[in-house]
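# Understanding the architecture of this molecule
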Amino acid sequence: MPKYKDSTALQNKPYTISKCDFKELKSYIESFDEDVLLLNESIRAKDLGYKTLCKIKEKITNESETKTIEISGDMPILKAENVLKVLESFFHTKSKEFDKFEEIKDEICHFEKFSSTLDFSIVEEMNAKIKEIVEAKTMEEREDLESKGVPKEYIETILQAQQNEKRAEVYGYVLDSSLQEHYYNPLVIDERQDGRIVYAIKEKSEVEFLRELQKYVKDKDNALKNYEWCFSKIVENVDSIYIPYFDSQNQAYRKFYPDFIFWLRHKQSKEYKIIFIDPKGLTHEVNARDKAQGFESIFGKNGSSIGGNKTFLYYFNKQNILDSSLKIYTQSTIAEIFYL
């Protein structure tokens, strides 16, 4: 998993403030003597926020030339008495940069915290069914059946029967262990989205992605057969795998938790690849662009090699992408994602 460190330089992004907020800020600052204002703000810095105040005053004096603060929009957001503190924090925030890759220890832990508000009898039935499908015979590959001389007309029937043994439904919850060699056992899917099983997979986009993945690995020409691979879901604020990015709308550094992370090791070359996949990432296009830019600032262009690994980010989305900057980060099929 990637580890990050603070950049040695302060971030150099401009702070955007609305016209009405800037007008209020100007009036507020001009109503104070400079020394009184700095003492009144109680900013915990050696200069009490003096450098930040100078940037604001420079913007007031030379509005068109000062690039550290941008004026845009008319919506009031900030209170004038809070702006100096907000800008002081903003200008002294350090961005993150790549440090190294480390082996995973306990950074993915959500699977240890599954819980439920279902009746105990339902939980018992579900646990019994989980044990049954997990202990079912390991699924054979199409190639194995063909090499054994099994007639083609029977292969589909056998594969479907094996699939059925690895899948069960209990009170509307789907339990699926067909990907058991690549994921913790089993997948628990809550299509009703009732939230009564904490950390079950319930988002429609995630369920669709997993179904497409299950279909893809059955294809005898799937690219994943050339790799040793595994994957995991990432749960926001529970697991510790994320990508730092700058949220341009909220003007703050945040953590992007893609829905899934895949680890691939090529069977022949032993080359490693790490792929972050986010099926629902394009719901808000501006935010998706910010996250892609955050990925690029850490790992370089999509598929670049850093720290001995090639790292990718993909939004899994079947819709047309209007923003050309997102095209290299967007794939509409599983085959496109793994055609590396």
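Remember, predicted model here, so these are calculated numbers, not experimental data.

### Description of the overall build of the chain
- When helices and strands are tallied, the chain shows 10 helices and 17 strands.
- Here the chain holds 340 residues, and the buried ones make up 43% of them.
- Considering only intrachain contacts with a sequence separation of at least 6, the fraction spanning at least 24 residues in the chain is 65%.
- Accessible surface, the chain: about 19,100 Å² in total, of which carbon and sulfur atoms supply 47%.

### Notes on the pairing of strand 11 (residues 243–247)
- With 5 of 5 residues buried, strand 11 lies mostly within the body of the structure.
- Residue alternation in strand 11 divides its side chains into two sets, Ile243, Tyr245 and Asp247 and Pro244 and Phe246, and both sets are buried.
- Note: strand 11 against strand 12 (residues 252–256), 5 bridges, orientation antiparallel. The residue of strand 12 that forms the bridge with Pro244 is Lys255.
- Linking strand 11 back to strand 12 in an antiparallel pair, the connection comprises 4 residues, with Gln251 at a positive phi of about 50°.

### Overview of the side chain of Gln251
- Along the polypeptide, Gln251 turns up in the loop between strand 11 and strand 12.
- Within polar-contact distance, the side chain of Gln251 engages the backbone nitrogen of Thr16 at 2.5 Å.
- What Gln251 contacts, discounting residues up to four positions off in sequence, is Pro14, Tyr15, Thr16, Phe90 and Phe246.

### A closer look at unusual backbone geometry
- The backbone of Ser42 sits at a positive phi, close to 55°, despite the residue not being glycine.
- Relative to the assigned elements, Ser42 resides in the loop between helix 2 (34–41) and helix 3 (50–61).
- One non-glycine residue with positive phi stands out, namely Lys270, at about 65°.
- Tracing the backbone shows Lys270 in the loop between strand 13 (260–266) and strand 14 (272–278).
- By relative accessible area, Lys270 is classed as partly exposed at 40%.

### Some remarks on the side chain of Lys291
- Tracing the chain through its elements places Lys291 in helix 9 (residues 285–299).
- It turns out Lys291 is buried and unbridged, and the closest side chain with the opposite charge, Asp278, is 5.4 Å from it.
- Apart from residues lying up to four places away in sequence, Lys291 is in contact with Tyr245, Phe256, Leu313 and Tyr315.

### Regarding the environment of Ile274
- Among the secondary structure elements, Ile274 is positioned in strand 14.
- Once the C-alpha coordinates of Ile274 and Asn309 are considered, the two residues, 35 residues apart in sequence, prove to be 7.0 Å apart.
- Setting aside its immediate chain neighbours within four residues, Ile274 contacts Phe101, Ile261, Phe262, Trp263, Lys310, Thr311 and Phe312.

### Points about the pattern of salt bridges
- For the structure shown, the criterion picks out 15 salt bridges.
- The residue Lys26 makes a salt bridge to Glu30 at a minimum N-O spacing of 3.1 Å. Residue Lys26 and its partner Glu30 are both found in helix 1 (residues 19–30); the two are separated by 4 residues, about one turn of the helix.
- Judged by relative accessible area, which is 32%, Lys26 ranks as partly exposed.
- With a closest N to O distance of 3.2 Å, Asp247 and Arg254 form a salt bridge.

### Regarding helix 4 (residues 80–91)
- Taking 1.5 Å per residue, 12 residues should reach 16 Å; helix 4 reaches 17 Å between its end C-alpha atoms and fits that length.
- Residues of helix 4 that are buried: Ala80, Val83, Leu84, Leu87, Glu88, Phe90 and Phe91. Seen end-on, helix 4 carries its buried residues on one side only, within an arc spanning 165°.

### Let's talk about the nonpolar core
- Ranked by size, the top nonpolar core spans 27 residues in total, and within it Phe209, Phe231, Phe262, Ile275, Ile277 and Phe338 carry the most contacts.
- Only strand 8 (187–189), helix 8 (204–218), strand 10 (227–233), strand 13, strand 14, strand 16 (309–316) and helix 10 (334–338) provide two or more residues apiece to this core.
- In terms of residues, this core owes the most to one element, helix 8, which gives 5 residues.
- Of all hydrophobic cores here, the second largest spans 26 residues; its members include Ile108, Ala292, Phe299 and Leu326.

### Quick word on the packing of helix 2 against helix 3
- At their nearest, the axes of helix 2 and helix 3 sit 11 Å apart, and the two run at 125° to each other. Considering the angle they form, helix 2 stands oblique to helix 3. In this structure, the crossing between helix 2 and helix 3 has a hand that is right-handed. Taken together, the residues of helix 3 that come into contact with helix 2 (itself represented by Glu34, Leu37 and Leu38) are Tyr50, Leu53 and Lys57.
- Looking at the contact of helix 2 with helix 3, its residues break down into 4 nonpolar, no polar and 2 charged.

Cut-offs used in this document
- Residues numbered from 1 in each chain as written.
- Predicted model: local features only at pLDDT ≥ 70, side-chain atom pairs only at ≥ 80, totals over all residues.
- Heavy atoms only, no water.
- Helix = DSSP H or I, 4+ residues; strand = E, 2+ residues; numbered from the N terminus.
- Buried < 20%, exposed > 50% of the residue type's maximum accessible area, 1.4 Å probe, protein only.
- Contact = heavy atoms within 4.5 Å.
- Areas by Shrake-Rupley, 256 points an atom, 1.4 Å probe, with all protein chains shown as cover.
- Pairing = 2+ DSSP bridges.
- Polar contact = N/O pair within 3.5 Å; in protein donor to acceptor, adjacent residues only side chain to side chain.
- Lys, Arg positive; Asp, Glu negative; His and termini not counted.
- Salt bridge = Lys/Arg side-chain N within 4 Å of Asp/Glu carboxyl O.
- Expected span 1.5 Å × (residues − 1).
- Arc of directions from axis to C-beta.
- Core = buried A, V, L, I, M, F, W, Y, C linked by side-chain atoms within 4.5 Å.
- Axes fitted to C-alpha atoms, helices over the stretch in contact; angles between N-to-C directions.
- Parallel < 35°, antiparallel > 145°, perpendicular 65-115°, else oblique.
- Left-handed = near helix turned anticlockwise from the far one by under 90°.
- Nonpolar A, V, L, I, M, F, W, Y, C, P; charged D, E, K, R; others polar.

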